[in-house]
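The lines below spell out each chain.
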Amino acid sequence: MNVIAVNGSPRKNWNTSELLKSALEGAASVGAKTELIHLYDIEFKGCTSCFACKIVGGKFEGRCAMQDELTPVLDKIYQEADVLLLGSPIYFGGMTGESRSFMERLLFASMVYSNPPRSMFPRQIKSGLIYTMNLTEQGSDERKYPVLYQTAEAYFARILGSAQTLCIYDTCQLADFSKIVMEYIDPEYKLKRKQDVFPEECRKAFEFGKSLAN
């Protein structure tokens, strides 16, 4: 069992990354081999709509034809992953640009415009999406963010095989708020929540990764 986690946050040691690491620990606890990849360490672009992945019988049919630093990551997922985790903070009402570009390159290449739609991904794998956000769950619902989560989950499930989502709300953005104008939240509340509540969120991520790897 190979579990690959992709961190779509620019931070390697903050909320999203910590949750992914916890999820990988959960997967490892049931014997999975794990790997964490940071998208912000990789030079790549999103889909250029070249459609080489759609040419029937073509060299790249079903796979992204672009050649850059993301290519070996995609190859590893195609060839080795039994479970794929993607973690992203919510920025401006959506996943990070790197996360979205990764999603385009991975999923669009395998999607076939058949009726009904089918997938050319080489096999069925499990996928898990982890989101972090400053908003509370109520705030997320009020802004209709569940539509975002459900849409992404549906694409991952349709193309890879199955998908689940874990949302972590009301996260602490900074370790030090003293130099930032932050008038609509209470920094002390956020820091206390990071200390008291976030460990429980990491436990949820541990169980999430464990469940996917079982």
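Caption draft 1: Local environment of the packing of helix 1 (residues 15–28) against helix 7 (residues 198–213). Put simply, helix 1 and helix 7 touch, their axes get as near as 6 Å, and they point 45° apart. The pairing of helix 1 with helix 7 is recorded here as oblique in orientation. By crossing handedness, the relation of helix 1 to helix 7 is classed as right-handed. Residues Asn15, Glu18, Leu19, Ser22, Ala23, Glu25, Gly26 and Ala27 of helix 1 lie in contact with helix 7, whose contacting residues are Phe198, Glu201, Cys202, Ala205, Phe206, Gly209, Lys210 and Ala213. Here the contact of helix 1 with helix 7 is composed, by residue class, of eight nonpolar, four polar and four charged.

Caption draft 2: The arrangement of the pattern of salt bridges in detail. Taken as a whole, this structure holds 13 salt bridges when the rule is applied. Taking the shortest distance from any N to any O, the salt bridge between Lys76 and Glu35 comes out at 3.6 Å. You can see Lys76 sitting in helix 2 (residues 71–80) and its partner Glu35 sitting in strand 2 (residues 33–38), a full 41 residues away along the chain. Of the residues examined, Glu35 reaches a relative accessible area of 30% and is grouped as partly exposed. Three or more residues joined by partner-sharing salt bridges are found here, namely Asp170, Lys190, Arg193, Glu201 and Lys204.

Caption draft 3: Main features of the packing of aromatic side chains. Applying the stated criterion across every chain yields a total of five aromatic pairs. Here Tyr78 and Phe121 contribute two aromatic rings whose centre-to-centre distance is 5.8 Å and whose plane-to-plane angle is 50°, an arrangement assigned as tilted. Highlighted residues: Tyr78 in helix 2 and Phe121 in the loop between strand 6 (118–119) and strand 7 (125–132), separated in sequence by 43 residues. Classification of Phe121 as buried rests on a relative accessible area of 7%. Taken together, the ring pairs connect Phe51, Phe108 and Tyr113 into an aromatic cluster. We note Lys54 situated over the ring of Phe108; from NZ or CZ to the ring centre the distance is 3.8 Å.

Here is what the cut-offs are and how they apply
Residues numbered from 1 in each chain as written. Predicted model: local features only at pLDDT ≥ 70, side-chain atom pairs only at ≥ 80, totals over all residues. Heavy atoms only, no water. Axes fitted to C-alpha atoms, helices over the stretch in contact; angles between N-to-C directions. Helix = DSSP H or I, 4+ residues; strand = E, 2+ residues; numbered from the N terminus. Parallel < 35°, antiparallel > 145°, perpendicular 65-115°, else oblique. Left-handed = near helix turned anticlockwise from the far one by under 90°. Contact = heavy atoms within 4.5 Å. Nonpolar A, V, L, I, M, F, W, Y, C, P; charged D, E, K, R; others polar. Salt bridge = Lys/Arg side-chain N within 4 Å of Asp/Glu carboxyl O. Buried < 20%, exposed > 50% of the residue type's maximum accessible area, 1.4 Å probe, protein only. Phe/Tyr/Trp six-rings, centres within 6.5 Å; stacked < 30°, edge-to-face > 60°. Lys NZ or Arg CZ within 6 Å of the ring centre and 35° of its normal.

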